[in-house]
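# Coordinate analysis (summary)
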Amino acid sequence: MKEYHELKLVVTPSPHIRGLVKTRSIMLDVIIAMLPALAYAAFWFGFRSLALTGISVAACLMWEALYCLALRKRPTVGDLSAAVTGVLLAFVCPVDVVWWQLVIGAFAAIVVVKQLFGGIGRNLLNPALAGGLLVRFCFGSRMDGRDILAEFEMMAGQPGAAAAAPMSYLQGSDKAAAFQALSEKYSLTELFLGKAGGAIGEVCVLALLAGGAYLLGRRIISWHIPVGCMAAVAVLSLIFPCGDDNLLWMLYNICSGGLLLGAFFMATDYATSPITDGGRLIYGVGCGVFTVLLRHFLSPELGVYCAVLVMNCVTPLLDRIIRPIRFGASD
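Predicted model only: the values in this text are computed from it and were never measured.

### Quick look at the nonpolar core
Core analysis: the biggest nonpolar cluster contains 83 residues, and M34, L88, F91, L261, F265, Y283 and Y305 have the highest contact counts within it. The element that contributes the greatest number of residues to this core is helix 1 (residues 23-45), accounting for 11 residues. Those residues in contact with L261 that lie beyond four places of it in its chain are L88, F91, V92, G201, E202, L208, M266 and Y305.

Have a look at this one:
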């Protein structure tokens, strides 16, 4: 046996067993999952939606590269996390957003929400949601202004450009009358196929389900958060309906307002969601509960996005209360 001093020992921090899955491969899978929604947005809203998404991605990559350069940090653009943030930032904004507003939202998402908290994995809030809601609240739901993309406008020939978001019909105190107007304007089939207005990435339920199924199939996300979120919305919608048809009200709540976009792509963000299955289920249910409450009392259109940010703040508490089983322990 060799003497201890003759052994070649390598001292490294944990984890000592590493998997083959890298951040870049995970982010690439998320981008692939978003392609159906992006493709439908290009069909429904026209070239403008693609151009805005490209600008959003480029702005996020630019801010991340500039931040790393200014602080002399290792460049992190290659892990594609900023690209994912850019696509999701565009997805939560309407198609009439002005390009420079997306650049401001990208700065807030990448520099303020992500990098100032330590970079990927250390942010408390979902960067894309925080940047998107900043744009929505600061500049309003109608983003009028001089746009450099005007010469490429194809909105006049696109039916989705002038369509009102389904949840916009639920503004006001008389929810029963508002829901009647909504159901007369859009059928469930139209909502499922995306023949309605709304933010760039939230309109087509079928495309979002396809992307969510891809993420579940690739095991990028678990079922706990999206199922918990949608189940909570479904149950509360059935218990507290608007109008005479409980089931119809529930289905409209699930198929509109960006619920699927929030449940599959926003709430499941690794850095801002719990690490245990039990915590994820509670987190998902909380997202659904706050979605219903915020849709009723704050904003029908932005309820799910605000709900995810609220639950982002609860994640550290859930991780503290519901802890994973220690390695080597029986229970």
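### Observations regarding the pattern of salt bridges
Per the stated rule, a full pass over the model turns up four salt bridges. Measuring nitrogen to oxygen at the nearest pair gives 3.1 Å for the salt bridge that ties R218 to D29. Taken as a pair, R218 in the loop between helix 8 (205-217) and helix 9 (224-239) and D29 in helix 1 lie far apart in primary sequence, 189 residues in all. Here E64 ties to K114 by a salt bridge, and the two come within 2.8 Å at their closest N and O atoms. With a gap of 50 residues between them, E64 in helix 2 (residues 47-70) and K114 in helix 4 (residues 99-114) connect regions that are remote in the sequence. Comparing E64 with K114 shows no difference in burial state: the two are buried.

### Notes on helix 3 (residues 81-91)
Within helix 3, 11 of the 11 residues are buried, which leaves the element mostly enclosed by the surrounding structure. Packed against the buried residues of helix 3 are helix 1, helix 2, helix 4, helix 5 (127-139) and helix 11 (259-266).

### So, helix 8
The terminal C-alpha atoms of helix 8, which comprises 13 residues, lie 18 Å apart, in line with the 18 Å expected from a rise of 1.5 Å per residue. For helix 8, the complete set of buried residues consists of V205, A207, L208, G211, G212 and L215. End-on, the buried residues of helix 8 take up no more than an arc of 165 degrees, which puts them together on one face. Looking one or two residues beyond helix 8, the residue adopting positive phi is R219, at roughly 60 degrees.

### Observations regarding the environment of G105
Checked against the element boundaries, G105 lands in helix 4. For the pair G105 and P127, spaced 22 residues apart in the sequence, the C-alpha separation amounts to 9.4 Å. In this structure G105 touches L89, G131 and V135, once residues within four positions along its chain are discounted.

### Re the confidence of the model for the chain
Averaged over all residues, the pLDDT of the chain is 86; the fraction at 70 or higher stands at 85%. Within the chain, helix 8 carries the highest mean pLDDT (96), whereas helix 6 (residues 175-185) carries the lowest (83). Of the regions scoring below 50 in pLDDT, residues 141-156 engages in 32 contacts with residues more than four places distant in sequence or in other chains.

### Examining empty space enclosed by the protein
Scanning all chains against the criterion turns up two cavities of 30 Å³ or more. Put simply, the largest cavity is a space of about 80 Å³. As for the largest cavity, its lining consists of 13 residues, and the residues nearest its centre are P166, G197, E202, S256 and G257. A breakdown of the residues in the lining of the largest cavity according to their chemical character gives seven nonpolar, four polar and two charged. The computed volume of the second largest cavity comes to approximately 40 Å³. Lining the second largest cavity we find E202, V205, L208, I254, C255, S256, G257, G258, L259 and L260. Breaking the lining of the second largest cavity down by element, the ones donating at least two residues are helix 8, helix 10 (246-255) and helix 11. Of the residues assigned to the lining of the second largest cavity, the class counts are six nonpolar, three polar and one charged.

Calculation criteria
Residues numbered from 1 in each chain as written. Predicted model: local features only at pLDDT ≥ 70, side-chain atom pairs only at ≥ 80, totals over all residues. Heavy atoms only, no water. Core = buried A, V, L, I, M, F, W, Y, C linked by side-chain atoms within 4.5 Å. Buried < 20%, exposed > 50% of the residue type's maximum accessible area, 1.4 Å probe, protein only. Helix = DSSP H or I, 4+ residues; strand = E, 2+ residues; numbered from the N terminus. Contact = heavy atoms within 4.5 Å. Salt bridge = Lys/Arg side-chain N within 4 Å of Asp/Glu carboxyl O. Expected span 1.5 Å × (residues − 1). Arc of directions from axis to C-beta. pLDDT = per-residue confidence, 0-100. 1 Å grid on protein atoms, 1.4 Å probe; cavity = no way out; pocket = protein on both sides within 12 Å on 5 of 7 lines; lining within 4 Å. Points joined across faces, edges and corners; volume = space filled by probe spheres on them. Nonpolar A, V, L, I, M, F, W, Y, C, P; charged D, E, K, R; others polar.

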